[in-house]
Amino acid sequence: MSLTFRRSLCKLHGYCSQNGLLKNLAPVAVTRRHERNYTAVDNAYKGMPPPAMYGGRHTVTLIPGDGIGPELMIHIKDIFRHTGVPVDFEEVNLSNDPNSDDIDDVITAVKRNGIALKGNVETVLDDRAPGKTKNVKLRTELDLFANVLQCVSLPGVKTRHQGIDIVIIRENTEGEYTSLEHESVRGVVESLKIITAERSNRIAKYAFEYAVKHGRKKVTAIHKANIMKLGDGLFLKCCREMAKNYPEIEFGDMIIDNCSMQMVSRPQQFDVMVMPNLYGNIVSNIGAGLVGGPGVVPGKNIGSDYAVFEAATRNTGKSITGKNIANPTAMLLASTLMLEHLNLPQQAKTIKDAVLKTMIEDRIHTPDLGGQASTTDVVHNILQEIRGNGFL
Amino acid sequence: MATRIFRSLVPSLARLSGVRTYSREASLVTLIPGDGIGPEISAAVQQIFEAAEVPIEWEIVDVMPVKGPDGRWAIPAKAVESMNKNKIGLKGPLGTPIGKGHMSMNLALRKTFDLYANVRPCMSIDGYKTPYDDVNLVTIRENTEGEYSGIEHTIVDGVVQSIKLITEAASMRVAQFAFDYARNNNRNHVTAVHKANIMRMSDGLFLRCCREVAEQYRDIKFDEMYLDTVCLNMVQDPSAYDVLVMPNLYGDILSDLCAGLVGGLGVTPSGNIGAGGIAIFESVHGTAPDIAGQDKANPTALLLSAVMMLRHMDLKGHASKIETAALNVIRDPDFRTADLGGRATCSQFTSEICRRVRESD
């Protein structure tokens, strides 16, 4: 800037302030990007009940999905009714068949209620239909940035490893799941994996906050930064930077292939794990398999304003649909996570205790756990436990 | 009668003079000893092969990259020539010096010889107890493209895109190899592992190629499974899987997962198949510089890779002989090396295998 120009500007400023022209200017809010992220994480942890609460009763969106989803949701509604849970379900039909509700309507329903309980929607494999699947679209539109599941060894379930207690926190909106693909020439397809500092910081902060809030000691970042130097390198850098803000939490990192090997040989070494989307998919499934399978582990998808609860491994269970052998545990435990989120800890505990007692003490096991019981056998036992608990 | 005596004398004379006689003509195999524990385990393998009288001559080469006249780092021409001539190679662990300016050794080899398929048979080792004792599968991984294409860009500050490349040519090639391998090794089930629900076009293309090739191999059962389902089922019941074929990243993760099921990289063999009939068999563990030169190394991984190599070269008899001896020795707690929970040295382990190989004749 030249001296003459600067002098003219000062004169102009002086004139404006003397004549009251600067008073009514609205202040410009400058929110730095990382501060916006931290707000998102703080909102996610706020723990206040969402807006759809009237007369002491909550309304929750119910998305049965495909496969075993619908039958399990019927059982959940049954158990909720018996326990006297003040939750009403607004059921929307998001599924693979033609009479499914439009995905945008479903998203609006979840936004309206703030919370949803969801079964998995089956994806038809069609490489000519580009774009996101319904499940992925739901997660990204609602910005459910964290997928959290806890794999805990259960005493009554026979597995090869014992003493596992791992929390897997997976970035849920970007990475390999952006569905940005194109065929550049015939026979050559490019698929984009996007990693951003903003979302990596967000998920890292979520992970460390989780560790602090739940008394966990170590966070391990899982990556493949030796090969994907820029992408996973950025993710790892964000995690390392975030770790500096939490000196009381131990931080380590591990490459995904070594992590897979360690998980099947010594899974007890892991505490909290944070990772991008695809690795999260793999590690969640390994973790769930180690503690008993897809029927046992619940998961939650948390965003700044919304939360969706589902079974951790997101299976439709196509092969066991309608046979009454699906394990309702995962979905039931997901519903108790939802109740905890809704600030209904008493009901959550009642149902959770009944479910765990059925599985661990009474040993009513469906075929996936090596037993002979049907879904209805398990649910009847749970209902009996709830009644016998003296809660009713 | 004189002829008979003379004929019976020749082998012993030959042995006395140090000339080896084989039942078939000796093949030349390129040997890359490697770094760290590489030389000792390569020596162990050579010793065992000698005891088993395998018709192989070793041509030892060094693959440390040198700077060419054009300023580019490349594998020395002598090594490349040897490999192209012999077609078969055995490689010990190679370390990549950090900060020296040249690329990873394994990447260099892969690019030079167009090693498009990585094969890892994972079999539970009787005698080395892991929570999984019924593993018997093979992972075949596409090794040239996919997520490891190395194409990455920073679009704006804080936003990075990595490109995953899937081509029809590479997918067809690896699928073809997978089915051929299944047929040649009496395997009757091939599973394509993918995530085509999320990456519809790229993994969709890979799947289409696998399906097309499966049409030509009606005798082999083919199915497709999501990567997460495979991981979930693998840790619960690995016996359900036979041959798995998949793109690069999934292959990397799954092959290491399966190696973990049977006991880790120290006991897992691996082979890389390249264009033009080249095959390099290797041990995939690290160079272990902390125990190098102390006679503590475990040559099992390299030995099992060498056995894989023998089967590839159609020397199945020798392969079985060595493999049986090695597995028997591992079963014996007196001769296990430190990493398998024993106290034997590398030389003790090796000599015991040599002894059992000779005894089995």
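Just so you know, these numbers come straight off a predicted model, no measurement behind them.

**Student:** Talk me through the sheet that holds strand 5 (residues 88–91) of chain B; I want residue IDs and the actual numbers.
**Tutor:** All names here are of chain B. The sheet built from 10 strands is open, its strands ordered 2-1-5-14-13-6-7-12-10-11 with mixed pairing. Looking at strand neighbours, the two that pair on one side only are strand 2 (56–60) and strand 11 (221–226), the edges of this open sheet. The average undirected angle you get between the axes of adjacent strands in this sheet is 25°. Sheet analysis places strand 5 next to strand 14 (residues 279–283), joined by four bridges and oriented parallel. Its bridge partner lying in strand 14, I88 is registered against A279. Sheet contacts for helix 4 (residues 105–113): strand 5, strand 6 (115–123), strand 13 (269–274) and strand 14; angle to strand 6, the most-contacted strand, approximately 120°.

**Student:** Residues and numbers for helix 11 (residues 346–359) of chain B, please.
**Tutor:** Here helix 11 of chain B spans 20 Å end to end across 14 residues, near enough to the 20 Å set by a 1.5 Å rise per residue. Burial in helix 11 of chain B covers these residues: C346(B), F349(B), T350(B), E352(B), I353(B), C354(B) and V357(B).

**Student:** Pulling in residues and values, what's your account of the nonpolar core?
**Tutor:** Within the largest apolar cluster, 70 residues are counted, with the highest numbers of intra-cluster contacts made by F49(B), I140(B) and M309(B). The residues contacting F49(B), other than those within four sequence positions of it, are V54(B), I56(B), W58(B), L303(B), A306(B), M309(B), L310(B) and I322(B). The next biggest cluster of nonpolar side chains, apart from the first, holds 67 residues, and it includes A40(A), I76(A), A225(A) and V272(A).

**Student:** Go over the confidence of the model for chain A, please, and point to the residues and values.
**Tutor:** Averaged over every residue, the pLDDT of chain A is 89; residues scoring 70 or more account for 90%. With pLDDT under 50 throughout, residues 26–31 of chain A is counted as low confidence; its partners more than four residues away or in other chains account for one contact.

**Student:** Outline the sheet that holds strand 8 (residues 188–196) of chain A, supporting the account with residue identities and numerical values.
**Tutor:** If you walk across this open sheet you meet the four strands as 7(A)-8(A)-9(B)-8(B), and the pairing is antiparallel. The sheet is open, and its two borders are formed by strand 7 (175–185) of chain A together with strand 8 (146–156) of chain B, each paired with just one other strand. Averaged over all neighbouring strand pairs, the angle between strand axes comes to 30°, with direction disregarded. Looking at chain direction, strand 7 of chain A and strand 8 of chain A are connected through six bridges and run antiparallel. Residue pairing for strand 8 of chain A: V185(A) is matched across the bridge by V188(A). Each of strand 7 and strand 8 of chain A is contacted by helix 9 (residues 277–291) of chain A, which is oriented at about 120° to strand 7 of chain A, the strand it contacts most.

About the thresholds
- Residues numbered from 1 in each chain as written.
- Chains lettered and ligands numbered in written order.
- Predicted model: local features only at pLDDT ≥ 70, side-chain atom pairs only at ≥ 80, totals over all residues.
- Heavy atoms only, no water.
- Pairing = 2+ DSSP bridges.
- Helix = DSSP H or I, 4+ residues; strand = E, 2+ residues; numbered from the N terminus.
- Axes fitted to C-alpha atoms, helices over the stretch in contact; angles between N-to-C directions.
- Contact = heavy atoms within 4.5 Å.
- Expected span 1.5 Å × (residues − 1).
- Buried < 20%, exposed > 50% of the residue type's maximum accessible area, 1.4 Å probe, protein only.
- Core = buried A, V, L, I, M, F, W, Y, C linked by side-chain atoms within 4.5 Å.
- pLDDT = per-residue confidence, 0-100.

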